[in-house]
Protein chains: 2
Amino acid sequence: MDKSASIERIFQDLRRVVHALELYSKDVNARFGLTAPQLWALWELERGGPASLGALALTLQLHPSTLVGVVDRLEAKGLALRDPDPADARRIRIRLTPKARALLKHAPHPAQGRLVHGLQAMSERQVTELRRAVATLVRVMEAEDLEARFFFSEE
Amino acid sequence: MDKSASIERIFQDLRRVVHALELYSKDVNARFGLTAPQLWALWELERGGPASLGALALTLQLHPSTLVGVVDRLEAKGLALRDPDPADARRIRIRLTPKARALLKHAPHPAQGRLVHGLQAMSERQVTELRRAVATLVRVMEAEDLEARFFFSEE
DNA sequence: CTCCAATCATTTGTGCTCAAATAATTGTGA
DNA sequence: TCACAATTATTTGAGCACAAATGATTGGAG
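To keep things clear, this report deals only with the structure shown in the data block. (Residues numbered from 1 in each chain as written. Chains lettered and ligands numbered in written order. Predicted model: local features only at pLDDT ≥ 70, side-chain atom pairs only at ≥ 80, totals over all residues. Heavy atoms only, no water.)

### Let's talk about the interface of chain B and chain A
This is how it is decided: Only heavy atoms enter the contact rule, under which two residues are in contact if any of them lie within 4.5 Å. Joining two parts hides part of their accessible area as seen by a 1.4 Å probe, and the buried area is that hidden amount summed over both. In the sections that follow, a salt bridge refers to a side-chain nitrogen of Lys or Arg positioned within 4 Å of a carboxyl oxygen of Asp or Glu. Distance and chemistry together define a polar contact, namely a pair of N or O atoms within 3.5 Å, with one atom able to donate a hydrogen and the other to accept it when in protein, and with adjacent residues in sequence counting only for side-chain atoms on both sides. Secondary structure elements follow DSSP: runs of H or I of four or more residues count as helices, runs of E of two or more count as strands, with numbering from the N terminus. Side-chain classes are defined by residue name, with Ala, Val, Leu, Ile, Met, Phe, Trp, Tyr, Cys and Pro counting as nonpolar, Asp, Glu, Lys and Arg as charged, and the others, Gly among them, as polar.
In this complex, chain B contributes 54 residues to the contact, which on the side of chain A involves 54 residues. Between chain B and chain A, a total of about 5900 Å² is buried, with carbon and sulfur atoms accounting for 69% of that surface. Counting the surface chain B buries against chain A, the share from its top three residues, Lys 3, Phe 11 and Arg 131 of chain B, is 11%. Our enumeration of links across chain B and chain A arrives at 0 salt bridges. Taken together, the links from chain B to chain A amount to 2 residue pairs in polar contact (both at pLDDT 80 or more). Looking at the side of chain B that touches chain A, the elements that each hand over two or more residues are helix 1 (3–32), helix 2 (36–48), helix 6 (114–120) and helix 7 (124–153) of chain B. Per element, the largest residue contribution to the side of chain B that touches chain A is 20 residues, and it comes from helix 7 of chain B. Its residues placed into classes, the side of chain B that touches chain A shows 29 nonpolar, 10 polar and 15 charged.

Laid out in structure tokens, this is it:
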């Protein structure tokens with residue numbers, strides 16, 4: 001297979017990866033009541049403690065305005081709370097409720113779904129190769145992204 | 001790096017890949033007026049000729065209800081038309097307008113954006129490795145997906 | 001020939017995503 | 001100190017994605 005055919009295939013396959021991840025998220029939601037972004041947010045709050053909306057958005061790599069809705073839904077489910085930040089009235093402090101902590105004990109870790117189950121069935125060598133390849137992809141894509149942003153910011 | 005750390009990393013990186021793809025789509029839309037799904041749909045219609053909504057959804061791997069909105073927007077832009085299917089009144093035949101065909105000549109091919117530009121800068125050997133790795137990923141993910149669907153359909 | 005189940009497109013409802021505009025608050029430079 | 005710029009969260013608007021329900025049409029079984 002020549003290079004351009006490989007590139008075409010990589011894109012098709014990436015679309016399928018994205019698709020599978022989405023289906024997985026919907027599936028977890030249907031079965032468990034929490035979507036992947038919601039689980040990621042909870043898990044990150046558990047790991048890093050209370051955080052401002054902006055800080056959490058940064059670690060989750062989401063746009064702040066995206067995270068507002070996610071936190072809204074977590075709050076509606078009684079899993080997260082918005083406290084005012086005593087030091088800065090512009091900020092909020094998002095923290096977990098005891099209910100959330102209890103739930104996280106039994107929740108599928110965002111990186112332990114059935115997709116990861118498949119990865120675990122692969123040899124360590126294969127997983128390492130895959131990790132390297134995906135890391136390369138990220139590097140290339142984000143580099144191009146930055147470059148383009150810089151380029152167009154000059155216009 | 002041990003296996004579970006590799007798996008964790010793979011997932012983080014995949015999230016970043018998805019993120020970069022989304023940003024790219026939004027970017028093309030802002031600059032060109034068409035989102036990635038719209039471009040994919042146009043390109044597929046150009047390649048395969050007029051198609052029913054269900055058939056197009058299948059080749060694009062989208063849920064039919066998702067595609068309805070995409071086609072609505074293409075129609076609103078004067079790029080696609082819904083014709084009745086003479087053979088079956090339930091079906092529609094989606095086809096391109098001349099405007100769409102003219103536009104496609106200058107449009108960024110869905111798989112020729114700046115992300116692909118980055119891939120093209122890589123060596124053929126690297127690209128081949130990446131293709132294999134991503135294909136492995138797809139195989140693993142979709143196999144797990146099928147397995148889970150089968151498992152839960154037995155409940 | 002007539003029901004009735006299957007098929008096809010669509011609508012509705014929920015959620016995620018971004019960007020741009022808005023409002024409140026902070027901190028700083030004159 | 002005080003006006004003004006920066007920061008922070010939110011709202012608004014557009015689009016994508018799925019599932020489930022709906023309505024129209026087809027085609028087959030009795």
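Alright, that's what it looks like, and here's the rest.
### Examining the packing of aromatic side chains
Both the distance between ring centres and the angle between the ring planes are used here to describe each pair of aromatic rings. Residues and elements named next belong to chain A. Selection rule: Pairing of aromatic rings covers Phe, Tyr and the six-membered ring of Trp, with a centre-to-centre limit of 6.5 Å; geometry is then stacked below 30 degrees between planes, edge-to-face above 60, and tilted otherwise. Using a 1.4 Å probe on the protein chains alone, a residue whose accessible area is under 20% of its type maximum counts as buried, one over 50% counts as exposed, and one in between counts as partly exposed.
For the structure on display, the rule yields 2 aromatic pairs over all chains. With 6.0 Å between their ring centres and 90 degrees between their planes, Trp 40 and Trp 43 make a pair best called edge-to-face. Note that Trp 40 and Trp 43 are positioned in helix 2 (residues 36–48) at a spacing of 3 residues, about one turn of the helix. When its relative accessible area of 23% is taken as the criterion, Trp 43 is described as partly exposed.

### Here we look at the packing of helix 2 of chain A against helix 3 (residues 53–60) of chain A
The geometry of a pair of packed helices is captured by two quantities: the angle between their axes and the separation between those axes. Residues and elements named next belong to chain A. Stated precisely, the cut-off is as follows: Simply put, an axis is a line fit to the C-alpha atoms, just over the touching stretch for a helix, and the angle between two N-to-C directions goes from 0 to 180 degrees. Orientation labels follow simple angle bins: below 35 degrees gives roughly parallel, above 145 gives roughly antiparallel, 65 to 115 gives roughly perpendicular, and whatever is left gives oblique. Handedness of each helix crossing follows the sense of rotation of the near helix against the far helix: counterclockwise by less than a right angle gives left-handed, clockwise gives right-handed.
Here helix 2 crosses helix 3 at 110 degrees, and the two axes come no closer than 11 Å. It follows that helix 2 is roughly perpendicular to helix 3 by the angle criterion. In this structure, the crossing between helix 2 and helix 3 has a hand that is right-handed. Facing helix 2, whose interface residues are Trp 40, Ala 41, Glu 44 and Leu 45, helix 3 presents Leu 56, Thr 59 and Leu 60. Counted by class, the contact of helix 2 with helix 3 contains 5 nonpolar, 1 polar and 1 charged residues.

### Regarding the environment of Arg 95 of chain B
Residue and element names in this part refer to chain B. Assignment of secondary structure puts Arg 95 in strand 2 (residues 92–96). With 53 residues separating them along the chain, Arg 95 and Leu 42 place their C-alpha atoms 8.9 Å apart. Apart from residues no more than four positions distant in its own chain, Arg 95 is found in contact with Pro 50, Leu 79, Ala 80, Leu 81 and Asp 83. A distance of 2.4 Å separates the side chain of Arg 95 from the side chain of Asp 83, its partner in a polar contact.

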